[in-house]
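Below are the chains, spelled out letter by letter.
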Amino acid sequence: MSTFEHDFTKGNIWKQLVKFAVPFFISNLIQSLYSLVDLIILGHFGGTNSISAANIGGQVLVILTNLAAGLAGGGTVILGNYLGSKRKDKINGTISTLLITLMVMAVVFMVLLFIFEQPLLRLLDTPDEAYDEAGQYMFICSLGLLFIYGYNALSAIMRGLGDSRTPMLFVIIACAINIMLDMVLVAGFHMGAGGAAFATIFAQGCSMLFCILYLKKHDFMFDFRPSSFHFVKEEFHTLLRTGLPLSIQMVGTNFSFLILTTFINRAGGVAASAAAGIVNNFNGFAILPQAAFSSAAAAMIAQNMGMGDVKRSEKTMHCCLVLCLGVSVIVFALMHIFPEQIFYLFGVKADVLVYGLPYILAFSFEYVGLPFIMSFNTVLTATGNGWMTLVANMTSAFLVRIPLAYFLAFVSGYGVSGIAAAIPLATIVGAIISFVFYLSGIWRKHVRL
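The rules behind these values
- Residues numbered from 1 in each chain as written.
- Predicted model: local features only at pLDDT ≥ 70, side-chain atom pairs only at ≥ 80, totals over all residues.
- Heavy atoms only, no water.
- Phe/Tyr/Trp six-rings, centres within 6.5 Å; stacked < 30°, edge-to-face > 60°.
- Helix = DSSP H or I, 4+ residues; strand = E, 2+ residues; numbered from the N terminus.
- Buried < 20%, exposed > 50% of the residue type's maximum accessible area, 1.4 Å probe, protein only.
- Core = buried A, V, L, I, M, F, W, Y, C linked by side-chain atoms within 4.5 Å.
- Disulfide = S-S within 2.5 Å.
- 1 Å grid on protein atoms, 1.4 Å probe; cavity = no way out; pocket = protein on both sides within 12 Å on 5 of 7 lines; lining within 4 Å.
- Points joined across faces, edges and corners; volume = space filled by probe spheres on them.
- Nonpolar A, V, L, I, M, F, W, Y, C, P; charged D, E, K, R; others polar.
- Patch = residues over 30% accessible without salt bridge, like charges linked within 9 Å, V, L, I, M, F, W, Y side chains within 5 Å.
- Areas by Shrake-Rupley, 256 points an atom, 1.4 Å probe, with all protein chains shown as cover.
- Salt bridge = Lys/Arg side-chain N within 4 Å of Asp/Glu carboxyl O.
- Axes fitted to C-alpha atoms, helices over the stretch in contact; angles between N-to-C directions.
- Parallel < 35°, antiparallel > 145°, perpendicular 65-115°, else oblique.
- Left-handed = near helix turned anticlockwise from the far one by under 90°.
- Contact = heavy atoms within 4.5 Å.
- Expected span 1.5 Å × (residues − 1).
- Lys, Arg positive; Asp, Glu negative; His and termini not counted.
- Bend = angle between axes of the 7 residues up to and from the residue.

Engineer: Residue-level account of the packing of aromatic side chains, with values.
Structural biologist: Tallying each qualifying case throughout the model produces 20 aromatic pairs. Centroid distance Phe 114 to Phe 139: 5.4 Å. Interplanar angle 35°. Geometry classified as tilted. Separated by 25 residues along the polypeptide, Phe 114 in helix H3 (residues 91-123) and Phe 139 in helix H4 (residues 131-143) bring together distant segments of the chain. Phe 114 sits in the partly exposed class, given a relative accessible area of 37%. Centroid distance Phe 263 to Phe 410: 5.8 Å. Interplanar angle 90°. Geometry classified as edge-to-face. Of this pair, Phe 263 sits in helix H8 (residues 233-286) while Phe 410 sits in helix H14 (residues 386-411), and the two are 147 residues apart along the sequence. What makes Phe 410 partly exposed here is its relative accessible area of 33%. In this structure an aromatic cluster arises from ring pairing among Phe 372, Phe 376, Phe 435, Tyr 438 and Trp 443.

Take a look at the structure:
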């Protein structure tokens, strides 16, 4: 095996899972600092309007990013399965097809954002005070979609081959660049949300470029020469079958939260929008350990299923669940013991705390169902059964979360707190559905993709 390949089909599962997940966690942690640092600096140097603008514009960008991340995640599973089943001859075709697919998607979505930026902002009931900055944030970020998609593809490729360390190194570089530019553009030149957006895409571009140069220097199996890029129809179909359900559910989940943003804007205005943005960003930070464990477990399960080892795959999922439960207990406790301190990090004013404190306490129950839905979905996704996780997540998002949030907020009169309460209730429903699919045993029949 090359330095970019690692064998997860033998050895201690606990040790492998934790060791492989740590670079995942560090990468995700540092990557989340992009938005976290943006909000902290915007809160201190831009104010409530800038926080609201970055939250609204950022959610649109997250949807587009997750559409690519879903396909990239499918690529991770495919590469892991090929590596485990010793079908290395198919790996280069998968890498090439994934890169071509995501680059084309980046260009298409960039054009669409240019065209539909204003209708999107109006559809989201963007507060007047934050409207211009939100539009500026979306426009600048759309220019960097090529970099964001490219880096997501490269990270997914390396992780599918068992290397989680190399992507971590370039996330660290990107975050350092992002923080320095935030201080210059937002704190120094007072460019608000637009400055934060430019800092983010510039950092992502540097990260993608450095990553390609590093891989070429270390004789990575794919050389990135124009002549090496070939669109393989068979691999594209496998990529769609494996990654498209993941993309749809990720985008659908984010879209459901985007709808919740419109509910929050109607129920409480710019202060409620800023409060929800802070909680969403804290949640994005707090969920990282569980995301790391589930992502690492998915890559390990893909390899083991390629070898036909169902028992080892199942044990990997059990280890993932135990680790995720431990993290959830800690996060739940922090949200209840230190809710004010979480908001103080962002330099918020009293009007934001009025909405923020009840919101974060209700939202904290998200960590009851989260470990289960993430762990069950991991084994289903890693075995090519993404349609099962799609059913669970879309039912949770559109048949439970949105209708319940509307009912609690506007019919029952609970306002923003009702919207927050609907989020964990929907997650618990999704976890139950995923558990039923897991118990069905259908996933055990999908050994090789």
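Engineer: Talk me through the nonpolar core; I want residue IDs and the actual numbers.
Structural biologist: Within the largest apolar cluster, 123 residues are counted, with the highest numbers of intra-cluster contacts made by Leu 102, Tyr 149 and Tyr 359. Membership of the second largest hydrophobic core comes to 13 residues, among which are Met 305, Phe 376, Leu 380 and Phe 437.

Engineer: Before we move on, could you go through the state of the cysteines and cite the residues and values that matter?
Structural biologist: Applying the stated rule across the entire model yields zero disulfides. Between Cys 206, a cysteine without a disulfide, and Cys 211, which holds the nearest cysteine sulfur, the sulfur-to-sulfur distance is 13 Å. By relative accessible area, Cys 206 is classed as buried at 14%. Among the cysteines around Cys 324, which has no disulfide bond, Cys 320 carries the closest sulfur, lying 4.0 Å off. A residue is classified by how much of its surface remains accessible, and Cys 324, at 0% relative accessible area, is buried.

Engineer: Lay out empty space enclosed by the protein in plain terms, naming residues and giving numbers.
Structural biologist: Applying the stated rule across the entire model yields two cavities of 30 Å³ or more. In this structure, the second largest cavity spans a volume of roughly 70 Å³. Asn 55, Gln 59, Phe 257, Leu 260, Thr 261, Ile 264, Asn 265, Ser 273, Ala 276, Asn 280 and Tyr 359 together form the lining of the second largest cavity. Taken together, the elements giving at least two residues each to the lining of the second largest cavity come down to helix H2 (48-84) and H8. Top element by residues in the lining of the second largest cavity is H8. It accounts for eight residues. Of the residues assigned to the lining of the second largest cavity, the class counts are five nonpolar, six polar and no charged.

Engineer: Requested: an account of a nonpolar patch on the surface, with residues and values cited.
Structural biologist: A contiguous nonpolar surface patch, about 980 Å² in accessible area, is contributed by Val 104, Val 107, Val 108, Val 111, Leu 112, Phe 114, Ile 115, Phe 116, Phe 139, Leu 143, Leu 146 and Phe 147. Taken together, the elements giving at least two residues each to the nonpolar patch come down to H3, H4 and helix H5 (145-160). The element contributing the most residues to the nonpolar patch is H3, with eight residues.

Engineer: Talk me through the packing of helix H9 (residues 288-306) against helix H13 (residues 366-382); I want residue IDs and the actual numbers.
Structural biologist: Look at H9 against H13: their axes get within 8 Å of each other, and the N-to-C directions meet at 20°. Between H9 and H13, the crossing angle belongs to the class labelled roughly parallel. The handedness of the crossing between H9 and H13 comes out as right-handed. Residues Gln 290, Ala 291, Ser 294, Ala 297, Ala 298, Ile 301 and Ala 302 of H9 form the contact with H13, whose own contacting residues are Tyr 367, Leu 370, Pro 371, Met 374, Thr 378, Val 379 and Ala 382. Among the residues forming the contact of H9 with H13, the class breakdown is eleven nonpolar, three polar and no charged.

Engineer: For the pattern of salt bridges, give the residues involved together with the corresponding values.
Structural biologist: This model, assessed by the stated rule, comprises four salt bridges. Across the salt bridge formed by Arg 444 and Glu 314, the nearest N and O atoms sit 2.7 Å from each other. Of this pair, Arg 444 sits in the segment after helix H15 (415-440) while Glu 314 sits in helix H10 (residues 310-337), placing them 130 residues apart in sequence. Since its relative accessible area comes to 31%, Arg 444 is described here as partly exposed. A residue is classified by how much of its surface remains accessible, and Glu 314, at 18% relative accessible area, is buried. Ionic contacts of the salt-bridge type, sharing partners, join the residues Lys 90, Glu 234 and Glu 235 into one network.

Engineer: Which residues make up unusual backbone geometry, and what values go with them?
Structural biologist: Although it is not a glycine, Lys 86 sits at a positive phi angle of roughly 65°. Inspection of the secondary structure puts Lys 86 in the loop between H2 and H3. Judged by its relative accessible area of 55%, Lys 86 falls in the exposed class. A positive phi angle, near 65°, is found at Phe 224, a position not held by glycine.

Engineer: Report on helix H7 (residues 192-217), specifying residues and quantitative values.
Structural biologist: If you check H7, its first and last C-alpha atoms are 38 Å apart, about what 26 residues at 1.5 Å a residue would give, namely 38 Å. Trailing H7 by a residue or two, Asp 219 shows a phi angle of about 55°, which is positive.

Engineer: Would you mind going over the packing of H5 against H7 in detail, with residue names and values included?
Structural biologist: Between H5 and H7, the shortest axis-to-axis distance is 8 Å and the interhelical angle comes to 40°. By the angle between their axes, H5 is oblique relative to H7. The crossing of H5 and H7 is left-handed. Here H5 contributes Leu 146, Phe 147, Ile 148, Gly 150, Tyr 151, Leu 154 and Met 158 to the contact with H7, which in turn contributes Ile 201, Gln 204, Gly 205, Ser 207, Met 208, Cys 211, Ile 212 and Leu 215.

Engineer: Mind laying out the side chain of Arg 159, listing which residues take part and the relevant values?
Structural biologist: Looking at where Arg 159 falls in the secondary structure, it is placed in helix H5. At 8.1 Å, Asp 163 is the nearest oppositely charged side chain to Arg 159, a buried residue that forms no salt bridge. Excluding residues within four positions of it along the chain, Arg 159 makes contact with Phe 20, Phe 24, Ser 27, Thr 76, Ser 164, Pro 167 and Ala 299.

Engineer: Tell me what's going on with H14, and back it up with residues and numbers.
Structural biologist: Here H14 is 26 residues long and its end C-alpha atoms lie 35 Å apart, about the 38 Å a rise of 1.5 Å per residue gives. Along H14, the largest kink reaches about 30° and is centred on Arg 401; proline Pro 403 follows within four residues of it. Two residues or fewer after H14 comes Gly 413, characterised by a positive phi angle close to 85°.

Purely geometric numbers; function is a separate question.
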